[in-house]
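Observations on chain architecture
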Amino acid sequence: LGYPLQWFFDRRVLLVISEIAVRYLREIRAGEVRVECDVPRIEGRRIVIPQRLFNERGKLAVEATVTSMAMDLDSRRGIVPPAEFVDACGGMAAS
């Protein structure tokens, strides 16, 4: 997401992957693969990032949705991501 790990440590927050949904459409072989990520959506404590992987011929091969959660390092509980992070994601917080 463009932030160094230290940025999260300084704020006592980490992102933890809580779910990955993958839909395989066609084979990907070793070689050039292109990955596209949509702008993250913030849904309360959840951060949802849709992704697409294209094979060496440019054909869509995989669709995935990665869901993470912001976690407070001290309490070890899910929290709403820091406002600065939400703003950097384009303010895509869902209401």
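First things first, this report covers the structure right here in the doc.

Calculation criteria
Residues numbered from 1 in each chain as written. Predicted model: local features only at pLDDT ≥ 70, side-chain atom pairs only at ≥ 80, totals over all residues. Heavy atoms only, no water. Phe/Tyr/Trp six-rings, centres within 6.5 Å; stacked < 30°, edge-to-face > 60°. Buried < 20%, exposed > 50% of the residue type's maximum accessible area, 1.4 Å probe, protein only. Lys NZ or Arg CZ within 6 Å of the ring centre and 35° of its normal. Patch = residues over 30% accessible without salt bridge, like charges linked within 9 Å, V, L, I, M, F, W, Y side chains within 5 Å. Areas by Shrake-Rupley, 256 points an atom, 1.4 Å probe, with all protein chains shown as cover. Salt bridge = Lys/Arg side-chain N within 4 Å of Asp/Glu carboxyl O. Helix = DSSP H or I, 4+ residues; strand = E, 2+ residues; numbered from the N terminus. Polar contact = N/O pair within 3.5 Å; in protein donor to acceptor, adjacent residues only side chain to side chain. Contact = heavy atoms within 4.5 Å.

**Observations concerning the packing of aromatic side chains**
Here a ring pair, both rings aromatic, is described through the centre-centre distance and the interplanar angle of the planes. What the rule picks out here adds up to 1 aromatic pair. Judged by centre distance (5.0 Å) and plane angle (80°), the ring pair of Trp-7 and Phe-8 falls under edge-to-face. For the pair Trp-7 and Phe-8, a shared accessibility class is recorded, and that class is buried. The ring of Phe-54 has Arg-34 sitting right over it, with the charged end atom 4.1 Å from the ring centre.

**Let's talk about a nonpolar patch on the surface**
Nonpolar side chains collect at one region of the surface, where Ile-17, Ile-20, Val-22 and Tyr-24 lie side by side and expose about 450 Å² of accessible area between them. With respect to the helices, strands and loops of the structure, Val-22 is situated in strand S1 (residues 13-24). Classification of Val-22 by relative accessible area gives partly exposed; the value is 39%.

**A word on the side chain of Asn-55**
Examined against the element boundaries, Asn-55 turns out to sit in the loop between strand S4 (46-54) and strand S5 (60-72). Here the side chain of Asn-55 touches Arg-57 through a polar contact of 3.0 Å, landing on its backbone nitrogen. Sequence-distant contacts of Asn-55, defined by excluding residues within four places in its chain, comprise Arg-26, Glu-27, Ile-28, Glu-32 and Ala-61.

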